[in-house]
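Given next are the chains, with one letter for each unit.
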Amino acid sequence: MSATPKKSLKLFSGRSHPELAEEVAKQLDVTVTPQAAYQFANGEIFVRYDESVRGCDAFVIQSHCTPLNDAIMEQLIMVDALKRASAKRITVVIPFYGYARQDKKHKGREPISARLMADLFKTAGADRIMVVDLHTDQIQGFFDGPVDHLMAQKLLASYISETYTDQNITVVSPDSGRVRVAEKWADDLGGTPLAFIHKTRDPSKPNQVVANRVVGDVEGRLCVLVDDMIDTGGTITKATEQLLEAGASDVIIASTHAVLSGPAVERLSSCGAKEVVLTNTLPIPEERRFENLTVLSIAPLVAEAIHQVFEDGSVTSLFDGRA
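Now for a description of the structure that goes with this document. (Residues numbered from 1 in each chain as written. Predicted model: local features only at pLDDT ≥ 70, side-chain atom pairs only at ≥ 80, totals over all residues. Heavy atoms only, no water.)

## Brief notes about the nonpolar core
When a protein is soluble and globular, its nonpolar side chains tend to lie buried together. Ranked by internal contacts, the top residues of the largest apolar core, which has 44 residues, are Val24, Leu150, Ile160, Trp185, Val302 and Ile306. Broken down by element, the residue count for this core peaks at eight residues, all from helix α8 (residues 299-310). Within the second largest apolar cluster, 32 residues are counted, among which are Val60, Ile72, Leu76 and Ala126. (Core = buried A, V, L, I, M, F, W, Y, C linked by side-chain atoms within 4.5 Å. Buried < 20%, exposed > 50% of the residue type's maximum accessible area, 1.4 Å probe, protein only. Helix = DSSP H or I, 4+ residues; strand = E, 2+ residues; numbered from the N terminus.)

## Points about a nonpolar patch on the surface
Taken together, the side chains of Tyr38, Phe40 and Phe46 make up a nonpolar region of the molecular surface, amounting to roughly 270 Å² of accessible area. Here phenylalanine 40 shows up in the loop between β2 (35-39) and β3 (45-49). (Patch = residues over 30% accessible without salt bridge, like charges linked within 9 Å, V, L, I, M, F, W, Y side chains within 5 Å. Areas by Shrake-Rupley, 256 points an atom, 1.4 Å probe, with all protein chains shown as cover. Salt bridge = Lys/Arg side-chain N within 4 Å of Asp/Glu carboxyl O.)

## With respect to the layout of surface pockets
Taken as a whole, the second largest pocket holds about 160 Å³ of empty space. Lining the second largest pocket are ten residues; nearest its centre among them are Lys7, Ser8, Gly55, Asp57 and Lys88. (1 Å grid on protein atoms, 1.4 Å probe; cavity = no way out; pocket = protein on both sides within 12 Å on 5 of 7 lines; lining within 4 Å. Points joined across faces, edges and corners; volume = space filled by probe spheres on them.)

## Quick notes on the sheet that holds strand β1 (residues 9-13)
If you walk across this open sheet you meet the five strands as β1-β4-β5-β6-β7, and the pairing is parallel. Both outer strands of the open sheet, β1 and β7 (147-150), are each paired with one neighbouring strand and no more. Direction aside, neighbouring strands of the sheet carry axes that sit 20 degrees apart on average. With five bridges joining them, β1 and strand β4 (residues 57-61) adopt parallel strand pairing. (Pairing = 2+ DSSP bridges. Axes fitted to C-alpha atoms, helices over the stretch in contact; angles between N-to-C directions.)

## Comments concerning the side chain of serine 16
Along the chain, serine 16 falls in the loop between β1 and α1 (18-28). Judged by its relative accessible area of 19%, serine 16 is buried. Among the polar contacts listed, one links the side chain of serine 16 to the side chain of glutamine 62, at a separation of 2.7 Å. From its side chain, serine 16 meets the backbone oxygen of serine 63 in a polar contact 2.6 Å long. (Polar contact = N/O pair within 3.5 Å; in protein donor to acceptor, adjacent residues only side chain to side chain.)

## Let's talk about the side chain of aspartate 175
Considering the arrangement of structural elements, one finds aspartate 175 in the loop between β8 (169-173) and α5 (179-188). At 3.0 Å, the side chain of aspartate 175 forms a polar contact with the backbone nitrogen of glycine 177.

## Some details on the pattern of salt bridges
This structure, assessed with the given rule, holds eleven salt bridges. Among the salt bridges present, the one from arginine 89 reaches aspartate 57, with a minimum N-O distance of 2.7 Å. With arginine 89 in strand β5 (residues 89-94) and aspartate 57 in strand β4, this pair connects stretches of sequence that are 32 residues apart. Since its relative accessible area comes to 21%, arginine 89 is described here as partly exposed. When salt bridges with common partners are traced through the structure, they connect Arg178, Asp227 and Asp228 into a single cluster.

## A few points about the pairing of β3
Side-chain direction in a regular strand flips from residue to residue, so the side chains alternate between the two faces of the sheet. Only one face of β3 is covered, namely the one carrying Ile45, Val47 and Tyr49; the face carrying Phe46 and Arg48 has none of its residues buried. Looking at chain direction, β2 and β3 are connected through five bridges and run antiparallel. Each residue of the ladder has a partner; that of alanine 36, found in β3, is arginine 48. Counting the residues in the hairpin turn of β2 and β3 gives five residues, including glycine 43, whose phi is positive at 100 degrees.

## What to know about the packing of α1 against α8
Between α1 and α8, whose axes approach to 8 Å, the crossing angle comes to 55 degrees. Between α1 and α8, the angle is such that the two are oblique. As for the relative orientation of α1 and α8, their crossing is right-handed in sense. Along its contact with α1, which presents Leu20, Glu23, Val24, Gln27 and Leu28, the element α8 presents Ala299, Pro300, Val302, Ala303, Ile306 and His307. (Parallel < 35°, antiparallel > 145°, perpendicular 65-115°, else oblique. Left-handed = near helix turned anticlockwise from the far one by under 90°. Contact = heavy atoms within 4.5 Å.)

Structure below.
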């Protein structure tokens, strides 16, 4: 018998986005750990792993997509099962973090649901959280433990830089609150000019935005409109129309999370944007795809981050020290 402990990486996947989990597994040269997962007639979720997980370094990947609450609950139950089966360390991998927009109170008597999410995973038994492009950076502080905040910006910016090499690009933020993100984009694209859309939003009416005017030089330039997520598409399509009215030669929409609720696909396909570039942090079924849509895989980034965590390496090094 040997008393020397052996490290064991195991990848577990919920049912919301198994395609991404399989891609990550292929990058890591492992297989997704088999499990039984199903729902009872009343909606209760049951999970049981088909092999021993004792002493393993467990990575539980689940994107919080529709039905959102089922995806979250399933991942919580998976974490609880791992804790009770004596997994050594449990890392929750959440390509898209549900409730991230509820990170502060706009008015009295409102919840801070993003904090509640972090508390739930901590209580379930998570030792670490890994996420891609949080809606706001401060959510990292909601979890009492290590948080690896992965950024898809490098992936998206590289694609745009290679595809539109000879264009005069202006990076545009859809609102003044994301100008700092746009500044990082501008650096990645070689120091391009910046612009932003001045807009107003009524907190009592979600998904409704009034775009007012463009601030910055966009006339005759290719505008790269950047955001972290596209839900119903109202914000980003109104901004696209504003940019074209202001004289932009073309608009490229670049975003990490393709929530694509309700009329989003119709809006994006008809707003006049030359190309819409998204990642696969959330599943995009064939019926939600359209002609000028490009989907980039986030799997290599997630897999490399998992590898660094497993080997006690540096996740920050994946982002040139900026993460």
